[in-house]
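Geometric and topological summary
Here are the chains, one letter per residue:
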Amino acid sequence: MFEVEWLAWRRYLSESTEVVPLTLFSTTECHLCEAAEALLRAAQGTNRSVQWDSVDVASDDALFYRYGWLIPVLRHRSGAEFRWPFDAELLAEFLAVNP
């Protein structure tokens, strides 16, 4: 029985759709960044292909200069950027336009 459940779980994982490579530019102790990440987690709950890396802009002078006053900023691999403020509906639209 355990083997059957394991095989079903592996099949479920292998059926994942294309990963949406996103970067969330943020920093620590940023309540807006935390809200953006919560929206991403919620989107991931309904679409497991939503994947992202978080980058702390305070760790790099160039990133801080570019994004310091704009965070949180979500960037798609295509270069498209999505700046705060956004909600779940706007995030879903951004993800749909940038597959």
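Reference entry: report on the structure contained in this document.

**Considering the environment of Ala42**
Residue placement: Ala42 occurs in helix 2 (residues 31-46). Distance in space between the C-alpha atoms of Ala42 and Ala88 is 8.1 Å, their sequence separation being 46 residues.

**A few points about the nonpolar core**
Formed by 13 residues in total, the largest nonpolar core has its most connected members in Leu22, Leu40, Leu74, Leu91 and Leu95. Elements with a minimum of two residues in this core: strand 1 (20-26), helix 2, strand 2 (50-56) and helix 4 (88-97). Residue contacts for Leu22: discarding those within four places in its chain leaves Leu40, Val50, Gln51, Trp52, Asp53, Leu74, Arg75, His76, Phe94 and Leu95. Counting residues in each nonpolar core, the second largest holds 7 residues, with Cys33, Val57, Tyr67 and Ile71 among its members.

**Examining the pattern of salt bridges**
Summed over all chains, the structure comprises 3 salt bridges. As a salt-bridge pair, Arg66 and Glu81 come within 3.1 Å of each other at their nearest N and O atoms. Highlighted residues: Arg66 in helix 3 (residues 61-67) and Glu81 in strand 4 (residues 81-83), separated in sequence by 15 residues. Classification of Arg66 as partly exposed rests on a relative accessible area of 46%. Residue Glu81 is classed as partly exposed on the basis of its relative accessible area, which comes to 23%. Where Arg83 meets Glu81, a salt bridge forms, and the shortest distance between an N and an O atom there is 3.5 Å. Taking the relative accessible area as the measure of exposure, Arg83 reaches 43% and is therefore partly exposed. Here the salt bridges share partners, and the residues they tie into one network are Arg66, Arg75, Glu81 and Arg83.

**Description of the packing of aromatic side chains**
A complete count under the given rule lists 4 aromatic pairs for this structure. Following the ring pairs from residue to residue traces out a cluster consisting of Phe82, Trp84, Phe86 and Phe94.

**Here we look at the side chain of Ser26**
Mapped onto the fold, Ser26 is located in strand 1. Not counting residues up to four positions away in its chain, the partners in contact with Ser26 are Cys33, Ser54, Val55, Asp56, Val57 and Ile71.

**A look at unusual backbone geometry**
In this chain, Ile71 is followed by Pro72 through a cis amide linkage whose omega measures 0°. Among the structural elements, Pro72 can be located in the loop between helix 3 and strand 3 (73-76). Although it is not a glycine, Glu29 sits at a positive phi angle of roughly 55°.

**Some details on the state of the cysteines**
On inspection of all chains with the given rule, the structure shows 1 disulfide. Cys30 shares a disulfide with Cys33; S-S distance 2.5 Å. In this structure, the disulfide formed by Cys30 and Cys33 twists by about 70° around the S-S bond and is classed as right-handed. Like Cys30, the residue Cys33 is buried in the burial classification.

Basis of the calculations
- Residues numbered from 1 in each chain as written.
- Predicted model: local features only at pLDDT ≥ 70, side-chain atom pairs only at ≥ 80, totals over all residues.
- Heavy atoms only, no water.
- Helix = DSSP H or I, 4+ residues; strand = E, 2+ residues; numbered from the N terminus.
- Core = buried A, V, L, I, M, F, W, Y, C linked by side-chain atoms within 4.5 Å.
- Buried < 20%, exposed > 50% of the residue type's maximum accessible area, 1.4 Å probe, protein only.
- Contact = heavy atoms within 4.5 Å.
- Salt bridge = Lys/Arg side-chain N within 4 Å of Asp/Glu carboxyl O.
- Phe/Tyr/Trp six-rings, centres within 6.5 Å; stacked < 30°, edge-to-face > 60°.
- Disulfide = S-S within 2.5 Å.

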